[in-house]
Structures are given as C-alpha cells and as structure tokens.
Amino acid sequence: MTRPFTLLIKPAGPDCNLACDYCFYACKSAYFGGASHRMTPEVQEKLVQSYLGLGFEQSSFAWQGGEPTLMGLDFYKRLVELQKQYGNDGQIVSNALQTNGILLDDEWCSFLAEYKFLCGISLDGPQEYHDVYRRDRAGKGTFDRVMSGIEACRRNGAEFNILVLLNNVNVEHPDALFDFFRDLGIEYLQFVPCVEPSPDDPSKPAPYSITAEQYGQFLCRFFDRWMEYGIRKLSVRLFDGLLNTLLNLPPAECTFARLCSDYIVVEHNGDAYCCDFFVQSDTRLGNIMETPIEQLAGSPLKQEFARRKTELHNKCFVCRHLDLCRGGCPKDRLALSGTQKEPSYFCRGYKMFFDHALGQMQAIAQVIRTSANR
C-alpha cells in the first residue's frame, strides 16, 4: 500500500500576474522555457484519475504557483467534475488554492465556497508594508486589489486564511501586523520567513531577507500578543505546529517534520519533483504521463530526498530543541551555505522563540491532555 501523500500542483507553472521582488519561483520560467506555461486538459485529467485511483481515505490537492488563478475558473470547474468522475464513494477530496488574491471576484468566490476550496491569500500586512514588495508588472502596489478579493471571499462565504511573507520591512513591526490582522478579523495566519541569496554575492542574503534574530524577535512579540488576545481566537500555523509536537501529533507544517515526505510537486507539464523549493533536474522524479504517480512518490529518489533531512550538523544533535525543529527546512540550511548539513539560517531565531514560548505552550498542552482524559 502506497503511503498517503499530498499533491502540490503548479497548473500555470511559475507564471504570475505580479512581480514580487522576493519571489523564489519566478526564475523557473527559464528552467521550463517558453513564454507561457499552462496545464493541458490531458495532464489535468491524468493527474486527477491517477491520484484518486490510489484510494486514499483523504486525497488533498493544493493548487499553487506562480499564480494558479491564471488558469481561469473553467479549469477548476472541470477539475471538480473530474474529481466527481474518478473519486470513490466515501473518499474525502479536498482542494486548497494559494493565490495573490487579485483576480478573486464574486464568481470565483461563489465557486470556491460551493466546493469548499480553502483559499490561502498572500497579504504582507497593512498597505505601507504590503505594497513595498508585492507589486504588479507595472510597478503598482496591489493592496487594494487583495483586500477586494478578501471582501469577495467574505461576501460569498469562501473560507480563507492569510499567508504573510516576512521581509526586512514588515518583520520590524509585529504589533502593527497583529493589530491589523486582528482588526481585519483574520482567524488563520501563516508566516513564511524570507531568505534568498543576493544575486551579487550568493554567500550573502538579498536585501529583502530577514535575519534569524529579527525572526526570533518577531515570533516572541507576536506570541505574547497572541497569548494576551486569546489563543482560540487566532490560529498561527507555527504556534499550532509547536503545540502539535508537544501533544505527539503530526506537525502542522513540513518545516518541523522529521522527513521531507508529505507531498510531491506536479508542474504544469506533468513533471513531478520532491519539493517546490527544489524544482531542478536532480530532484525531478519523472512525469505523471509516463510513470504511475504512486511510483514517483515512492521512488528511491524521493525516499533519499526525504531521508537527507535527517543529515544534521553536529550542533543540532546536542541542541535541546532538536525534537521541536528537526533541523528546520533544508532550503534554509542551504540558503547561503550551499550545504544541507549546516544549521538552519534561522536557527538562532527558532532558539529565541522556543526558549521564550515553550513553557507556556507546555502548560497549554497539559490543559488539553487533561481535558481529553476527563
């Protein structure tokens, strides 16, 4: 029996209607070649048929980019019909759409609500922070258009959460971000710390990157505000992940998983890869049009990629927080060092946060365990 896995799908490849300075995936346009990248109906059908044919109790499709809404709404209407056609009775099928939000309107959001898509919308905080880097190809800020997409979600009852890319600007303002998202009534937040190598010197971070200390300070302050506000009022993915670990549950995000084995990436042309941070020739698993998808997910290359996460720096083995962070994301180990056996670029930040929050999180975990045993 194939071990269950999730699909992270790039139906429009690296194509996007924005030109965010910090985007790590835009450079893949050169890798795939051509001016435009779109998943064909044949690849779409093969993807759905082969994945649902595995008969997992729950089958999860995560649509990302680039910008997945560039495929147009008809692509996703056909997707739902294919899932109905190839799904089995009692099989749970879920869809998630990670988007910049600027194409979302009432028609889109009515569809997302009807078929229970979870929509992740990228929003970097108030306008003065969001518009610094999240601009369109004409250099114009996108804040107002993103907010319009959020309001369309609300009008139509489409479920959504917010993804925040922490960069060198907004990371300095945890209180402003907390107040903004609280006042906006956001219930689910995910923070992604930005580090990319400088194009001029790959051993140094790009200007929009944050430091480990900035990340740690941000998390500590945001955690304090979260505790004061009420932990049931706002879900923060990293905090949820720490709590899951303390409760011996699966981590909420792959960053803190023991292995890199939760999902595979399927590009617009059917090529499959180990991870979207590692879409490159040496991590290409094959193509779903040529090889059964379960063979790609269980291939020796994928297994070796998953196992390599356990190859840690000696400092990690003597760290009191190893069971919490598992060395962090391999991408953050490689960020500037070029070697996966280095500590995470964000190591000091994680230590700051764990030292600050662990005691309170352990107390919360104990309350949950006690309640569950009553």
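The rules behind these values
Residues numbered from 1 in each chain as written. Predicted model: local features only at pLDDT ≥ 70, side-chain atom pairs only at ≥ 80, totals over all residues. Heavy atoms only, no water. Helix = DSSP H or I, 4+ residues; strand = E, 2+ residues; numbered from the N terminus. Rg over C-alpha atoms; globule rule 2.2 N^0.38 Å. Buried < 20%, exposed > 50% of the residue type's maximum accessible area, 1.4 Å probe, protein only. Contact = heavy atoms within 4.5 Å. Areas by Shrake-Rupley, 256 points an atom, 1.4 Å probe, with all protein chains shown as cover. Polar contact = N/O pair within 3.5 Å; in protein donor to acceptor, adjacent residues only side chain to side chain. Phe/Tyr/Trp six-rings, centres within 6.5 Å; stacked < 30°, edge-to-face > 60°. Lys NZ or Arg CZ within 6 Å of the ring centre and 35° of its normal. Arc of directions from axis to C-beta. Pairing = 2+ DSSP bridges. Axes fitted to C-alpha atoms, helices over the stretch in contact; angles between N-to-C directions. Salt bridge = Lys/Arg side-chain N within 4 Å of Asp/Glu carboxyl O. Expected span 1.5 Å × (residues − 1).

### Digging into the overall build of the protein chain
Okay, so step 1: On a plain count of helices and strands, the protein chain comes out with 15 helices and ten strands.
Okay, so step 2: On C-alpha atoms alone, the protein chain measures out to a radius of gyration of 20 Å, which is about the 21 Å that the 2.2 N^0.38 rule sets for 374 residues.
Okay, so step 3: Seen along its three principal axes, the alpha-carbon backbone of the protein chain occupies a region of about 60 × 50 × 45 Å.
Okay, so step 4: Counting over 374 residues, the protein chain shows a buried share of 52%.
Okay, so step 5: Taking as baseline every contact in the protein chain between residues at least 6 positions apart, the subset at least 24 positions apart corresponds to 71%.
Okay, so step 6: Of the roughly 16900 Å² of accessible surface on the protein chain, a fraction of 49% belongs to carbon and sulfur atoms.

### Thoughts on the side chain of N17
Okay, so step 1: Along the polypeptide, N17 turns up in the loop between β1 (6-10) and α1 (28-32).
Okay, so step 2: Assessed through its relative accessible area of 18%, N17 is described here as buried.
Okay, so step 3: Within polar-contact distance, the side chain of N17 engages the side chain of N100 at 2.8 Å.
Okay, so step 4: Those residues in contact with N17 that lie beyond four places of it in its chain are E67, L70, N100, I102, L103, D136 and R137.

### Re the packing of aromatic side chains
Okay, so step 1: Under the counting rule described, the total for this entry stands at 40 aromatic pairs.
Okay, so step 2: Measuring from centroid to centroid gives 6.0 Å for Y51 and F56, while their planes differ by 80°, and the two rings are edge-to-face. Note on accessibility: Y51 and F56 belong to one class, buried.
Okay, so step 3: Ring centres 5.5 Å apart and planes at 85° place the aromatic pair F178 and Y229 in the edge-to-face group. Of this pair, F178 sits in helix α7 (residues 174-183) while Y229 sits in helix α8 (residues 212-229), placing them 51 residues apart in sequence.
Okay, so step 4: Among the aromatic residues, those joined into a cluster by ring pairs are F5, Y51, F56, F61, W63, F75, Y76, W108, F111, Y115 and F117.
Okay, so step 5: Lying over the aromatic face of Y31, K28 brings its terminal NZ or CZ to 5.8 Å of the ring centre.
Okay, so step 6: Positioned above the aromatic ring of F277, the side-chain terminus of K331 is 5.3 Å from the ring centre.

### Points about α7
Okay, so step 1: Those residues of α7 that fall on the buried side of the exposure criterion are P174, L177, F178, F180 and F181. Buried residues along α7 cover an arc of 165° about the axis, so they all sit on one side.
Okay, so step 2: Contacts from the buried residues of α7 go to α5 (127-133), α6 (143-156), β5 (160-166), β6 (188-193) and α8.

### Details of the pairing of strand β8 (residues 263-267)
Okay, so step 1: Most of β8 is tucked away, with five of its five residues classed as buried.
Okay, so step 2: The side-chain alternation of β8 yields two buried faces, one formed by Y263, V265 and E267 and the other by I264 and V266.
Okay, so step 3: Relative to β8, β1 is paired through five bridges, and the arrangement is parallel. Following the sheet pairing, I9 is matched in β8 by V266.
Okay, so step 4: As paired strands, β8 and strand β9 (residues 271-273) are joined by two bridges and run antiparallel to one another. Opposite V265, over in β9, you have Y273 as the bridge partner.
Okay, so step 5: Linking β8 to β9, which pair antiparallel, is a turn of three residues; within it G270 sits at a positive phi near 95°.

### As for the sheet that holds β6
Okay, so step 1: Spatially, the ten strands line up as an open sheet ordered β7-β6-β5-β4-β3-β2-β1-β8-β9-β10, and their pairing is mixed. Each edge of the open sheet is held by one strand with a lone partner, namely β7 (235-236) and β10 (284-287).
Okay, so step 2: Bridge count for β5 against β6 is five bridges, and the pairing is parallel. For V164, the partnering residue across the bridge sits in β6 and is F191.
Okay, so step 3: Packing against the sheet, helix α2 (residues 41-52) makes contact with β1, β2 (58-63), β3 (92-99) and β8, and its axis sits at approximately 155° to β2.

### As for the pattern of salt bridges
Okay, so step 1: Applying the stated rule across the entire model yields 21 salt bridges.
Okay, so step 2: Note that R38 is salt-bridged to D15, the shortest N-O span being 2.7 Å. Of this pair, R38 sits in the loop between α1 and α2 while D15 sits in the loop between β1 and α1, and the two are 23 residues apart along the sequence.
Okay, so step 3: Given a relative accessible area of 34%, R38 falls into the partly exposed group.
Okay, so step 4: A residue is classified by how much of its surface remains accessible, and D15, at 10% relative accessible area, is buried.
Okay, so step 5: We note a salt bridge from D175 to R221, for which the minimum N-O separation is 3.0 Å. With D175 in helix α7 and R221 in helix α8, this pair connects stretches of sequence that are 46 residues apart.
Okay, so step 6: With relative accessibility at 27%, the residue D175 sits in the partly exposed group.

### Some thoughts on α2
Okay, so step 1: The terminal C-alpha atoms of α2, which comprises twelve residues, lie 17 Å apart, in line with the 16 Å expected from a rise of 1.5 Å per residue.
Okay, so step 2: Burial in α2 covers these residues: V43, Q44, L47, V48, S50, Y51 and L52.

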